[in-house]
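# Observations on the model geometry
Here is how the chains run, residue by residue.
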Amino acid sequence: MLNQLETIVQTAHAELPQLTTSEALIAWNSQYLGRKGEIPVLLRRVSELPKEERPAFGQRANELKQTLEAAYEAHSQAIKSAELAQALKMGALDVTMPGRKMARGRLHPSTQTLRRIYQIWADMGFQIYRSRDVETDEVNFQMLNFPPHHPAREMQDTFYTTNHELLLRTHTSPGQIRAMREFHPEPIRVILPGMCYRNEQITARSEIQFHQVEGLAVGHNIRFSDLKGTLINFVRRLYGANRATRFRASYFPFTEPSAEMDVECFLCDGKGCRLCKHSGWLEILGCGMVHPNVLRNGGYDPEIFSGFAFGMGPERITMLRHGIEDIRYFWANDLRFLQQF
Ligand code: DAH
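This section reports on the structure supplied with the text.

Calculation rules
Per chain, residue numbering runs from 1 following the sequence as it is written. Owing to the predicted nature of the model, reporting of local features is limited to residues with pLDDT of at least 70; listing and counting of side-chain atom pairs is limited to 80 or more, with chain, interface and lining totals taken over all residues. Just so you know, side-chain values use all the structure's heavy atoms and leave hydrogens and water out. A run of H or I in DSSP becomes a helix once it reaches four residues, and a run of E becomes a strand once it reaches two; helices and strands are each numbered from the N terminus. The size measure is the radius of gyration over C-alpha atoms, and the globule rule it meets is 2.2 Å times the number of residues to the 0.38 power. Only protein chains enter the accessibility calculation, which uses a 1.4 Å probe; a residue is then buried when its area is under 20% of its type maximum, exposed when over 50%, and partly exposed in between. Residues count as neighbours in contact if any of their non-hydrogen atoms are within 4.5 Å of one another. All tallies of charge rest on Lys and Arg as positive and Asp and Glu as negative; His and the ends of each chain are not included. Charge coordinates come from a single atom per side chain, which is NZ of Lys, CZ of Arg, CG of Asp or CD of Glu. Throughout this document, a residue counts as near a molecule or strand when at least one of its heavy atoms sits within 4 Å of that molecule or strand. Polar contacts, as counted here, are pairs of nitrogen or oxygen atoms within 3.5 Å of one another; within protein the pair requires one atom able to donate a hydrogen and one able to accept it, and residues that are adjacent in sequence qualify only if both atoms are side-chain atoms. In short, Shrake-Rupley with a 1.4 Å probe defines the accessible areas, and a residue's cover is counted only from the protein chains shown. Angles shown run from 0 to 180 degrees and are taken between the N-to-C directions of axes, each axis being a line fitted to C-alpha atoms and, for helices, limited to the stretch in contact. Roughly parallel here means an angle under 35 degrees, roughly antiparallel means over 145, roughly perpendicular means 65 to 115, and every remaining angle is called oblique. Polar here means any residue outside two lists: the nonpolar Ala, Val, Leu, Ile, Met, Phe, Trp, Tyr, Cys and Pro, and the charged Asp, Glu, Lys and Arg; Gly therefore counts as polar. Directions are taken from the helix axis to each C-beta atom, and the arc is the one they span. Any two strands with at least two DSSP-identified bridges between them are counted as paired. Buried residues of nine kinds, namely Ala, Val, Leu, Ile, Met, Phe, Trp, Tyr and Cys, make up a nonpolar core once their side-chain atoms join them within 4.5 Å. Stacked, tilted and edge-to-face are the three classes assigned to paired rings of Phe, Tyr and Trp, where Trp is represented by its six-membered ring and a pair needs centres within 6.5 Å; plane angles under 30 degrees give stacked, over 60 edge-to-face, the rest tilted.

Scanning the chain from N- to C-terminus turns up 11 helices and nine strands. Its C-alpha atoms give the chain a radius of gyration of 41 Å, more than 25% over the compact-globule value 20 Å for 341 residues. Along the first, second and third principal axes, the C-alpha set of the chain runs to 125 × 50 × 40 Å. Buried residues in the chain amount to 41% of all 341 residues. Pairs at least 24 apart in sequence give 66% of the contacts found in the chain among residues at least 6 apart. Between the centroid of the 40 positive side chains of the chain and the centroid of its 38 negative side chains there is a distance of 4 Å.

Right, dumping it as structure tokens:
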């Protein structure tokens, strides 16, 4: 019986390397090792042997069976990988392959800064008022008290439409007039965010389009100290409670008095560095008390009402915060830039 077994196992071993498909392998397995296969059937006949021969036979049979099974496993693996390689070649789906990574979208850095700014002003009770991108010359300039020959009015700074009375707003300040006309005679606390356009040479420092966030508060008895207190509060929320700030006298046609606000350089903590051009300060916004002419143009009597206004550039704020040296990155749609935020 042992001889018989050896012969079967030998034949099985010899056949194995010639098998090249899973089907052939399955057939081989059921012929030799399966429940009704030749080897188990033979092993079940162990009871026909004399008692004293059984242990030796059992031991040898097990050895033979185990080596055959190991050979089967090895060859089975080889066939599977060969078949997988073949299937891949033919374009079949390999579900064991790692998936392709999906590119995840993110908010544009300007949007992130804008949302932060909206949040802070909302916490202080300022609503968002959306004004128009296409403005009239009258609201963009005249109503804002621009003197007739002010340089900002000249053609090279302004994108006019074919109708020369209509232009792309050069700043968000005309929204002040539109908000006042709509809210009159109620008190006003609004911010006016939006895109502005200037017909300029595009350089690392200036773009032909950029965001501004305008602010406007109109009411009874609003004073310069309210402007300062509110803006200091804003800057502390944006840049941290310990950031020093200062106001410098300035000039804008639509505010009187006017100021520019600086924040202590957050790169060098005011010691002086390349970012702040060794002054220790970074200019972040323009502001002032709304000019009586502008209040009047908005429908508010400057004898009864007063107000403050401010304007800031989210791109500039973003550039300062992240050390971005070229404003052109913002609208160049280069993913290598955008993916960093
Ligand atoms: N409109 C100004 C600009 O484009 C920014 C500005 C300055 C807005 C002072 C204001 C302000 O409301 O009070 O540069």
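There is more to say, and it comes next.
Our next topic: the site of the ligand. Of all residues adjacent to the ligand, which total 15 residues, the nearest are His171, Ser173, Arg198, Gln212 and Glu214. Between the ligand and Ser173, the relevant distance is 2.9 Å, taken from a nitrogen atom to a side-chain nitrogen or oxygen of the residue. If the ligand stood free it would expose 360 Å²; the protein chains cover 88% of that surface. Sorting the residues of the shell around the ligand by element identifies strand 5 (209–219), strand 8 (281–290) and strand 9 (306–312) as the ones contributing at least two each.

Moving on, we come to the packing of helix 1 (residues 2–15) against helix 2 (residues 22–32). Where helix 1 contacts helix 2, the axes come no closer than 11 Å and their chain directions differ by 175°. Comparing their axes, helix 2 and helix 1 come out roughly antiparallel. Contacts from Ile8, Thr11, Ala12 and Glu15 in helix 1 reach Trp28, Gln31 and Tyr32 in helix 2. Across the contact of helix 1 with helix 2, the residue classes tally to four nonpolar, two polar and one charged.

With that settled, consider helix 2. Those residues of helix 2 not exposed but buried are Leu25, Trp28 and Tyr32. The buried residues of helix 2 occupy an angular sector of 60° when projected down its axis, which confines them to one face. For helix 2, exposure combined with an orientation more than 90 degrees from the buried face picks out Glu23 and Ile26.

What follows concerns the pairing of strand 4 (residues 188–197). Where burial is concerned, most of strand 4 is hidden: nine out of the 10 residues are buried. As paired elements, strand 1 (residues 127–128) and strand 4 share two bridges and run parallel to each other. Its bridge partner lying in strand 4, Gln127 is registered against Val190.

A word on the nonpolar core. Counting 34 residues, the largest nonpolar core has Trp121, Leu231, Phe234, Leu285, Phe308, Phe310 and Met312 as the members making the most contacts within it. Going through the elements one at a time, helix 5 (109–123), strand 5, helix 8 (224–239), strand 7 (255–264), strand 8, strand 9 and helix 10 (314–322) are the ones with two or more residues in this core. Of the residues forming this core, the biggest block, six residues, is contributed by helix 8. The contact partners of Met312, leaving out residues within four places of it in the chain, are Ile117, Trp121, His211, Gln212, Val213, Phe234, Ile284, Leu285 and Ile317. Counting residues in hydrophobic clusters, the runner-up holds 22 residues, among them Leu167, Ala179, Val218 and Ala309.

Glancing now at the packing of aromatic side chains. Evaluated as defined, the whole model comprises 15 aromatic pairs. Where Phe146 meets Phe254, the ring centres are 6.0 Å apart and the plane angle is 40°; that geometry is what we call tilted. Residue Phe146 is found in the loop between helix 6 (137–140) and strand 3 (166–168), and its partner Phe254 is found in the loop between strand 6 (245–252) and strand 7; the two are separated by 108 residues along the sequence. Here the two residues Phe146 and Phe254 agree in accessibility, since each one is buried.

Let us look at the side chain of Arg153. Topologically, Arg153 is positioned in the loop between helix 6 and strand 3. Among the polar contacts made by the side chain of Arg153, one reaches the side chain of Asp137 at a distance of 2.9 Å. With residues up to four places along the chain from it excluded, the contact list for Arg153 reads Asp137, Phe141, Gln142, Phe146, Pro147, Pro148, Thr158 and Tyr160.

That's the geometry; what it means functionally is another story.
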